[in-house]
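Structural characterization, general
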Amino acid sequence: MLINDEGKINIFKEKASNFDHDLFGGPIDGIFISPYKAPPVYPEKGKHPRVMVSSYNIDKIKSNLEKPQNDSAYKSYLSYIEKEMTGEYAGSTFELLTRIEAKAFRYLLTGEELYGYQAIYNVKNAILTAEHIEIDPYRAYGLTMYVAACVYDWCYDLLTNLDKEQIVRGCVNLLGKRMEVGCPPSKVGAIAHHPVECQILRSYFSLGIAVYDEYPEIYEFVAGRLYHDIVPAQNFMLGSEKHWEGAYYAPFRYCNLLDAQKLHTVAEAFMDFTLPGLTYDRIHVFEMGDVAASSFEDYFSSSFLSSCMFSDAKLKGFSFECYHDKTDFDALMNNTWISAVRYLILNDPDLEPADPFDGRPLVRMTKFPGSAVFARSAWNDKDAVAVYMTMPEFYSASHSHAEAGSFQIYYKGMLASDSGYYTTHGLGHHAAYTRQTISSNSLLIYNHGLCVEGGWHDHVYSGGQSLKQDITRIIAPYTLESAMECKAMNQLTILGKAYDASESRYRFSYIAADMTNAYDEETVDEVTRHMLSVMTDSEDFPMVFATFDRISAKSPSFKKTYLLHSMTKPEIDGNFVVIKNTKESNNGKLVAQSLYTEMDVRVWGDGNGEEYTINETVFKPRSYNTADPDYRVELSPKKAEKTDRLLTVMYVTDASDTSPLIKAKEIETEELIGAYILGRALLFAKDKEPLDGKLSFDAPTDSAADYYVAGVSPGEWSVSIDGRMIGAYSVKEGEGILSFNAPVGRIALTKN
């Protein structure tokens, strides 16, 4: 193509000006009347570019284009600009918009007018034909709006007043009004809904920045909502340092927070999101919340964007681990929009990727309102033990699950897992099973009186955490103010949280909570759970894990069920539940045993969907894979009591291990209940109130052992053996657990 061909330039210039003006809709006067306080910062009028690119970074972008780390992106970008196109939607959203974006970017960098006029013409056609998008239209409308904002900003000095009016009217009337957030973007919530994806955080925000000179009211409305509605809500949730939307949606929605941060940084202001290194959650193996197909592209995007924002070489290393073939930007494309152009804008090619696992903490403990523990024995070791324990104070619905008190365990393959499919959100299998407690390793307390009224639409009652306290148990609250007042907030109270790990050695992690408020008040008086993971000194049996549950139901007839899920069929061997994972060369085994309480055991799973049975109805997903079923183990006390104390002890080993199963030794006093196994004694306070004063018990073994006593009050404790003090230990506020090593004898613990 002859870049300086005036004839071709004039052709596209004329095409761009030759659209029927009425097709873009009417005037937008009076649409963006903001109910929000004014944003504290504004774009500088008369200054372009300012969407993703500005005077502070454009020279650096140009100088970086042909550096080795940008080679693939640069070649893709060059191929895109030569693509002949009309701009009409006739296939892939991504293919069309990457080409338009590339042409606008070419004009921005070189001033070659042909590409600028092609971009203007093509983006108008894209706006006019967006109604034909059939797959994921809301996100596609938003991406079209974002690319239109880039064209408006990057090709600003080519635009006529007619061009400006048509692009803005089209974005508002034809894209914005079709989006879930509406036009103006006032619909849906600020915590866990689509506004906190790209629709507001990237699409509308970029439009407001681009067109601020001519249409300041768009920026006033969008930035006003961002600053005074979305930012406070997101910062509150981000305070936990764990994203609340699970392993599938969290990286995508986190990307959009980064987008907003980047957009306003370029506008020479700063969107004050609290953005800790949340992306590191993606490194863990666990399925949290709704999980569908592999989302490594989203993991790439979130870690890559984070590495760019925070100049983090390890996050860049993790992004490259997630997506090895960085030569194919078409394959990489998804709604996080790491296009070749965006890669060239964002990437610092002088920041070399580093090992993402080098020096990473072995334990990560998150905070209110999403308390959880991620723990592992090592990084870069396929034989490492990994444990996830979750105790979220706030249940945000949306793509998170009602799984307070759940855990997952990995050793040479996933052993204790979640189950269920992410199908149509909020309907059928997903509503009845996947997002409910029954799909997790938590507790059911079945109140037969709620069998009908305890559900909501397709959300069938199965005895799990409440569905009917208020609507926020189904749909996340829309504002921070409503979240603070709803019954999904403070669904549990943390009783203790602690861990011990160095950079090279994981010793233990512990979390406990009163989960009573997560269940229906007609069903329970009290539900508490302690979870404790402890490493052993044995290479063959490297970790023990225990849960202690105290459940007081309103009636002895309300059946209590301990849930344990697996990806392979469990074996029942007397009082033991044995889960082996030998899929795809895995070699892990989990051995679980119930102590003190006689339990009935049932295994659900027949390769035909039986594992998704609730109240004699099978909620089988449409995409069920008979070759890869889930399994659900239910353990319930044989004797119906109003109050039960359930102690369950587990250990991991190789699936190929043929040694006899190891029986834990019970330990019980008036105040404590626990067990000894593999050189570790795990004890728990029988009641919820923290233990104080003096505790004593006999050593359960004839050799020294490590002791973990959970449910103790904070302060200074002394440990004595046969009346001889052997050590003083401090329990900090909020920890709730005392750990020490002691020889054989009568052990006494005294609060000083």
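Please read all numbers here as calculations on a predicted model, not as lab measurements. (Residues numbered from 1 in each chain as written. Predicted model: local features only at pLDDT ≥ 70, side-chain atom pairs only at ≥ 80, totals over all residues. Heavy atoms only, no water.)

**Focus on the overall build of the protein**
- Looking only at helices and strands, the protein features 16 helices and 28 strands.
- For 752 residues, the compact-globule estimate of 2.2 N^0.38 gives 27 Å, and the protein sits close to it at 29 Å.
- Projecting the C-alpha coordinates of the protein onto the three principal axes gives extents of approximately 95 × 55 × 50 Å.
- Pairs at least 24 apart in sequence give 71% of the contacts found in the protein among residues at least 6 apart.
- Taken as two groups, the 72 positive and 103 negative side-chain charges of the protein have centres that lie 2 Å from each other. (Helix = DSSP H or I, 4+ residues; strand = E, 2+ residues; numbered from the N terminus. Rg over C-alpha atoms; globule rule 2.2 N^0.38 Å. Contact = heavy atoms within 4.5 Å. Lys, Arg positive; Asp, Glu negative; His and termini not counted. Charge placed at Lys NZ, Arg CZ, Asp CG, Glu CD.)

**Notes on the sheet that holds strand β18 (residues 631-637)**
- The antiparallel open sheet is built from four strands, whose spatial order is β6-β11-β18-β15. Of all strands in the sheet, those bounded by a partner on one side alone are β6 (443-446) and β15 (599-604). Neighbour to neighbour, the strand axes of the sheet diverge by 25° on average, direction disregarded.
- Relative to β18, β15 runs antiparallel, the two being bridged by six bridges. Bridge pairing links Val601 to Leu635 in β18. (Pairing = 2+ DSSP bridges. Axes fitted to C-alpha atoms, helices over the stretch in contact; angles between N-to-C directions.)

**Details of the nonpolar core**
- Membership of the largest hydrophobic core comes to 127 residues, with the highest contact counts inside it found for Tyr77, Phe105, Trp154 and Ile218.
- With 12 residues, helix α6 (residues 137-154) is the largest single contributor of residues to this core.
- For Tyr77, the contacting residues outside a window of four places in its chain are Ala102, Phe105, Arg106, Leu109, Ala340, Val341 and Leu344.
- Core analysis: the next-biggest nonpolar cluster, separate from the first, contains 47 residues, Val373, Ala404, Ile445 and Met650 among them. (Core = buried A, V, L, I, M, F, W, Y, C linked by side-chain atoms within 4.5 Å. Buried < 20%, exposed > 50% of the residue type's maximum accessible area, 1.4 Å probe, protein only.)

**Some remarks on the packing of aromatic side chains**
- As enumerated under the stated definition, the model contains 30 aromatic pairs in all.
- Ring geometry for Tyr421 and Tyr612: centres 6.3 Å apart, planes at 85°, overall edge-to-face. Taken together, the residues span a long stretch of sequence, with Tyr421 in the loop between β5 (414-416) and α15 (428-434) and Tyr612 in the loop between β15 and β16 (613-614) at a distance of 191 residues. No difference in accessibility class separates Tyr421 from Tyr612, as the two residues are buried.
- Geometrically, the ring pair formed by Phe541 and Tyr651 is edge-to-face, given 5.7 Å between the ring centres and 75° between the ring planes. Of this pair, Phe541 sits in the loop between β9 (524-535) and β10 (543-553) while Tyr651 is found in strand β19 (residues 643-654), placing the two residues 110 residues apart along the sequence.
- By relative accessible area, which is 12% here, Phe541 ends up buried.
- Residue classification places Tyr651 among the buried positions, given a relative accessible area of 2%.
- Members of the aromatic cluster, joined through ring pairs, are Phe12, Phe19, Phe24 and Tyr121.
- Above the face of the Phe12 ring, Lys15 is positioned so that its terminal group lies 5.1 Å from the ring centre. (Phe/Tyr/Trp six-rings, centres within 6.5 Å; stacked < 30°, edge-to-face > 60°. Lys NZ or Arg CZ within 6 Å of the ring centre and 35° of its normal.)

**Description of the environment of Met179**
- Tracing the chain through its elements places Met179 in the loop between α7 (161-175) and α8 (198-210).
- Given the relative accessible area of 3%, Met179 is considered buried.
- A sequence separation of 41 residues divides Met179 from Tyr138, and the C-alpha atoms of the two residues are 5.2 Å apart.
- Other than its neighbours up to four places away in sequence, Met179 contacts Tyr138, Tyr141, Gly142, Met145, Gln199, Ser203 and Tyr204.

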